[in-house]
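Coordinates in review
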Amino acid sequence: MAKVDVKFSPHKAFAKEAHVATKAALSRMVDEASEDVVSFWEGQARELAWFAPWRKPFVWKHPHAQWFVGGTTNASMNCLDRHLGGWRKSKAAIIWEGEPGETRTLTYQQLHAEVCRAANALLKLGVQRGNVVAIYMGMVPEAIVAMLACARIGATHNVVFGGFSSEALKERMNDSNAVALITQDAAWRRGDLVHLKAAADAALKGCKSVQHVIVLQRTSEKTAMKLGRDHWWHEILAGASRTNEPAKLPSEHPLFILYTSGSTGKPKGILHTTGGYLTQVAYSAKLVFDLKEDDVYFCTADIGWITGHSYIVYGPLLNGATIVMYEGAPNWPEPNRFWDIIERHGVTIFYTAPTAIRAFIKWGESWPAKHDLSSLRLLGTVGEPINPEVWMWYHSVIGKQRCPIVDTWWQTETGAIMISPVPGATTTKPGTATKPLPGIAVDVVRKDGTSCDVNEGGLLVVKHPWPSMLRTIYGNDVRYREAYWSEFPKTRKHPGWYFTGDGAKRDKDGYIWIIGRVDDVVNVSGHRLGTAEIESALVSHKLVAEAAVVARPDELKGHALVAFVSLKSSAKGLNTDKLREELRALVAKEIGHFAKPDEVRFAESLPKTRSGKIMRRLLREIVSGFGVTGDVSTLEDMSVLERLHKGDEE
Ligand code: 7RM
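Below, the structure is looked at part by part. Predicted model, so just to flag it, every value in this text is computed and none were measured.

1. A few points about the overall build of the chain
- What the chain contains, in helices and strands, is 20 helices and 30 strands.
- Against the 2.2 N^0.38 benchmark of 26 Å for 650 residues, the chain shows a C-alpha radius of gyration of 24 Å, consistent with a compact globule.
- Principal axes of the C-alpha set define a box for the chain whose edges measure 70 × 60 × 50 Å.
- When the 650 residues of the chain are sorted by exposure, 61% land in the buried category.
- Summarising the internal contacts of the chain: among those between residues at least 6 apart in sequence, 70% fall at separations of at least 24.
- For the chain, the exposed surface amounts to about 25400 Å²; the carbon and sulfur share of it is 51%.
- Within the chain, the 72 negative side-chain charges are centred at a point lying 3 Å from the centre of the 79 positive side-chain charges.

Here it is in structure tokens:
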């Protein structure tokens, strides 16, 4: 691995003000949690408001957890009503910026009124507690209003990312048996309109369960409305009351379903419930982002992904924070949009993904240099391993060596952050998410369940259930058991552990380094390698923008490695044969000769999911020569795939 062998301890000025200010304070929390993890989580749950207290904090019937059983609460009440008693009612909950440039601010009181109106509208349409409501929207405040309105009446929301096709929407509405859909006419993206309602209409042709469609008018596009089925948001909310009694819901009431990809073609409907989820997202948002009353928090995720659910909507609002929500693309109209937003709104906390940071690097330092980023005090990253060079760039160019970076590891399934620095207390190292948060029991283990030695690659498991864990895969509990609980099953001698699907290792300081999904772990001539490690080496080359390494079966070595590399614009015109050799030599230097890719293929861009993850499965299929067979519904840009294939034939 490219070595950036440095450590950063929290700056004194930051630590002094932080919720958890010292290493000792953090270890006390860790100890307290491991002595009695259930009562630790009870303490966190008491930070929320409950209509009725729980009778049993934790019930475990492998592999199904229930938290705070007997307690009743409501997510919308906790995010909104709780903040209306004092001055916070006039605090900005959402500062929104549309892609064309308009801005809107909603105070907690205003957001509460909108959510109540939307809840009343849903009730009027006959949506009931326990029904599923699909939400297919762009990044507009009404998407948050829609989620919280569902939560308020006890309907389960199923947010489908606005970049998904009508096919994907149809599949997700059908699988979840949605009774209503909330969408919008069109959304702005990179100066263009994405016609969401038209896509929804196509999806609805193949969906019998949806009775009602609510359509937000975001643009002036002509939009077809089906009489009796379709209702304009502004019309149906116009007559609705600004007050609504939040439903008193059992702690285990289903809050939302969110679809995510597994190793097969069919997406999995991850089911999250109320009390445990809220407890852990509120706790982790406060601890990891060190949220304070005057923070302005900007997370660049889309609400269609778990990061948007937990750390745009629920986590920050539960803490009464001010969030910045941006509708469009980071490079519209120019590649400085995020820096411009940070400067204009005085953003203090910025949470983004490595894939975005790599794009910032590619666009060049001159863009952030145009802006005053001095309001920033904390940076975060999530979604993939961040390679140390990229971390260092983030640290120096965006954080000006002042801001701690929290590299947060978690999954759609975990609901909340599991492994992360606590910024006032943890010494960070570029490339590692450091240690599990207090209350979280993770380990790196061998196939036989024994713990790995220092620096030995193994499987990342969670050994004790946690409040915000998924409860099942909606409608498919068998798959739930298989996907997460079959690798380390419960036996007479073994309690059964949750398997994350990730490979990892732990260094001498006990820090966890995520190697990547285990399906990306390859064996070359008897050496166990994470493709991410090789990619990290390739990306450390100054001309490389992105790299993805996949394996194809090889008679001699077990696996042969193929590296797909996209170059920065500064590489234009250079001799690619020479560069190819340079890159192989670089991998040899950083990792060893055995890790040298057998083939380096240059590609204009790499196939990505819409959330920015490189789809290595497609690349594997391309290099295996059998053609692409599996699901490509999450692919961001089909033409990338075509170009890669064409490259094949040359
Ligand atoms: C939040 C999210 C989950 C998978 C997970 C990992 C990878 C996420 C990190 C990371 C290294 C990180 N949910 N992953 N965060 N790998 N360092 N900080 O992304 O369900 O979409 O993906 O993402 O492989 O299993 S997710």
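2. Side note on the environment of Gly 439
- Residue position: Gly 439 is located in the loop between β20 (405-408) and β21 (442-445).
- For Gly 439, a relative accessible area of 13% gives the class buried.
- Sequence separation of Gly 439 and Ser 90 is 349 residues, and the distance between their C-alpha atoms is 34 Å.
- Those residues within four positions of Gly 439 in sequence are excluded, and the remaining contacts are Ala 33, Val 37, Phe 40 and Trp 41.

3. Concerning helix α17 (residues 531-539)
- Counting buried positions over the nine residues of α17 gives nine, a clear majority of the element.
- Within the span of α17, buried status applies to Thr 531, Ala 532, Glu 533, Ile 534, Glu 535, Ser 536, Ala 537, Leu 538 and Val 539.

4. A closer look at the site of the ligand
- Around the ligand sit 16 residues in total, of which Asp 407, Thr 408, Gln 411, Thr 412 and Asp 502 are the nearest.
- In this structure, Gly 383 approaches the ligand through a main-chain N or O atom, which is 3.1 Å from a nitrogen atom.
- In this structure, Pro 385 approaches the ligand through a main-chain N or O atom, which is 3.4 Å from a nitrogen atom.
- If the ligand stood free it would expose 530 Å²; the protein chains cover 90% of that surface.
- Looking at the shell around the ligand, the elements that each hand over two or more residues are α11 (306-318), β20 and β25 (512-517).
- Of the residues contributing to the shell around the ligand, the split by class is six nonpolar, five polar and five charged.

5. Some words on the pattern of salt bridges
- The tally for this structure, following the rule as stated, stands at 41 salt bridges.
- For the salt bridge of Arg 229 with Asp 201, the shortest nitrogen-to-oxygen distance reads 2.8 Å. With Arg 229 in the loop between β11 (212-216) and β12 (230-232) and Asp 201 in helix α8 (residues 196-205), this residue pair connects regions lying 28 residues apart in the sequence. In terms of burial, Arg 229 and Asp 201 fall into one category: buried.
- One salt bridge connects Asp 295 with Arg 377, and the closest N-O pair in it is separated by 2.8 Å. Within this pair, whereas Asp 295 is found in the loop between α10 (275-288) and β16 (296-299), its partner Arg 377 is found in the loop between α14 (366-369) and β19 (378-382), the two being separated by 82 residues in sequence. Each member of the pair, Asp 295 together with Arg 377, is buried.
- Several salt bridges converge on common partners, so that one network encompasses Lys 7, Lys 429, Asp 507 and Asp 509.

6. Description of the sheet that holds β21
- Strand order in the open sheet formed by four strands is β21-β22-β24-β25, with antiparallel pairing between adjacent strands. Of all strands in the sheet, those with a lone pairing partner are β21 and β25, marking the two edges. Averaged over neighbouring strand pairs, the angle between their axes works out to 45° when direction is ignored.
- Sheet analysis places strand β22 (residues 458-462) next to strand β24 (residues 498-506), joined by four bridges and oriented antiparallel. Bridge assignment links Val 461 to a residue of β24, and that residue is Phe 499.

Rules of the game
- Residues numbered from 1 in each chain as written.
- Predicted model: local features only at pLDDT ≥ 70, side-chain atom pairs only at ≥ 80, totals over all residues.
- Heavy atoms only, no water.
- Helix = DSSP H or I, 4+ residues; strand = E, 2+ residues; numbered from the N terminus.
- Rg over C-alpha atoms; globule rule 2.2 N^0.38 Å.
- Buried < 20%, exposed > 50% of the residue type's maximum accessible area, 1.4 Å probe, protein only.
- Contact = heavy atoms within 4.5 Å.
- Areas by Shrake-Rupley, 256 points an atom, 1.4 Å probe, with all protein chains shown as cover.
- Lys, Arg positive; Asp, Glu negative; His and termini not counted.
- Charge placed at Lys NZ, Arg CZ, Asp CG, Glu CD.
- Near = heavy atom within 4 Å.
- Polar contact = N/O pair within 3.5 Å; in protein donor to acceptor, adjacent residues only side chain to side chain.
- Nonpolar A, V, L, I, M, F, W, Y, C, P; charged D, E, K, R; others polar.
- Salt bridge = Lys/Arg side-chain N within 4 Å of Asp/Glu carboxyl O.
- Pairing = 2+ DSSP bridges.
- Axes fitted to C-alpha atoms, helices over the stretch in contact; angles between N-to-C directions.

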